[in-house]
Amino acid sequence: MIVMESNDFYPSYKIEDLGIGSFSLVENFIRNSGLIFDGFVGGKGDSLDLLRDKLLRNKAKIFIIYVENEIVSYSVLFSKRSTISKTSYDWHLAYVYVDASIRRRKLGEKMLRFLINFASKTKANEISLYASDDNLPAIQLYRKLGFQEHKFIANYVWFKLNLNLFR
Ligand SMILES: CC(C)(COP(=O)(O)OP(=O)(O)OC[C@H]1O[C@@H](n2cnc3c(N)ncnc32)[C@H](O)[C@@H]1OP(=O)(O)O)[C@@H](O)C(=O)NCCC(=O)NCCS
């Protein structure tokens, strides 16, 4: 699915669901974002290799935004076993990132609305995520889109969004 829109301030953009074999398209952008560490340079749990592997095994979805044919944003959903049923699954929003040069132009919001729409068409019950409690831009964004704060884990806030509200 592709969405296009523009005006003087908000850029014309295109959102894509990255295909299973297209990881190389976004790999450098993800590495440069600094959110995910490369396994070869010291990262452990959340390495790019792990992400590529999850994408290939259909355990992850990656969405990207293009502005003028350049990638400016990505987000990653991981599927995880549901907290309420062993036979169903939920989504965990592992990463959302907008290039620093183009922040505050609603692209993060468009990205989240796109992935909420995607997730609400699956059988998952909710999207969960953790945010560092000092990451005000991210926390405000999640609150704006209706994510509910559930509990604090060390310096993190745990957010959940009930997907049934969007069906
Ligand atoms: C969080 C992030 C994705 C937001 O992207 P963005 O495109 O700049 O955000 P948007 O322009 O779509 O803003 C949408 C809403 O988010 C909130 N928001 C975004 N940036 C904000 C800021 N600097 N201060 C306060 N609220 C902010 C606001 O509620 C805003 O709505 P408003 O414009 O009506 O006030 C971006 O700051 C980012 O990539 N940060 C670095 C990576 C990161 O920390 N990711 C989250 C990990 S949990």
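Details of the structure are given in the entry above.
Because the structure is a prediction, the values reported are computed rather than measured.

Definitions and cut-offs
Residues numbered from 1 in each chain as written. Predicted model: local features only at pLDDT ≥ 70, side-chain atom pairs only at ≥ 80, totals over all residues. Helix = DSSP H or I, 4+ residues; strand = E, 2+ residues; numbered from the N terminus. Buried ≥ 20, exposed ≤ 12 C-beta atoms within 10 Å, placed from the backbone. Contact = placed C-beta atoms within 7 Å. Core = buried A, V, L, I, M, F, W, Y, C linked by C-beta atoms within 7 Å. Near = placed C-beta within 6 Å. Nonpolar A, V, L, I, M, F, W, Y, C, P; charged D, E, K, R; others polar.

Caption draft 1: Quick look at the environment of leucine 141. In this structure, leucine 141 sits in helix α4 (residues 136-144). Leucine 141 gets classed as partly exposed once you count the C-beta atoms within 10 Å, which come to 18. Along the primary structure leucine 141 and glutamate 109 are separated by 32 residues, whereas in three dimensions their C-alpha atoms are 6.8 Å apart. Residue contacts for leucine 141: discarding those within four places in its chain leaves Gly108, Glu109 and Leu112.

Caption draft 2: Highlighting the environment of asparagine 135. By the element assignment, asparagine 135 lies in the loop between β5 (126-132) and α4. C-alpha of asparagine 135 to C-alpha of tyrosine 156: the two residues are 21 residues apart in sequence and 9.4 Å apart in space.

Caption draft 3: Representation of the nonpolar core in the model. Core analysis: the biggest nonpolar cluster contains 35 residues, and Ile62, Tyr74 and Met111 have the highest contact counts within it. No other element matches helix α3 (residues 107-120), which puts six residues into this core. If sequence neighbours within four positions are ignored, tyrosine 74 has contacts with Val26, Phe29, Ile30, Ile62, Phe63, Ile64 and Tyr97.

Caption draft 4: Spatial organisation of the site of the ligand. Close to the ligand lie 18 residues, the nearest being Arg103, Gly108, Glu109, Pro137 and Leu141. At the level of elements, β4 (89-98), α3 and α4 are the ones that each hand at least two residues to the shell around the ligand. At six residues, the largest contribution of residues to the shell around the ligand is made by α4. Across the shell around the ligand, the residue classes tally to nine nonpolar, three polar and six charged.

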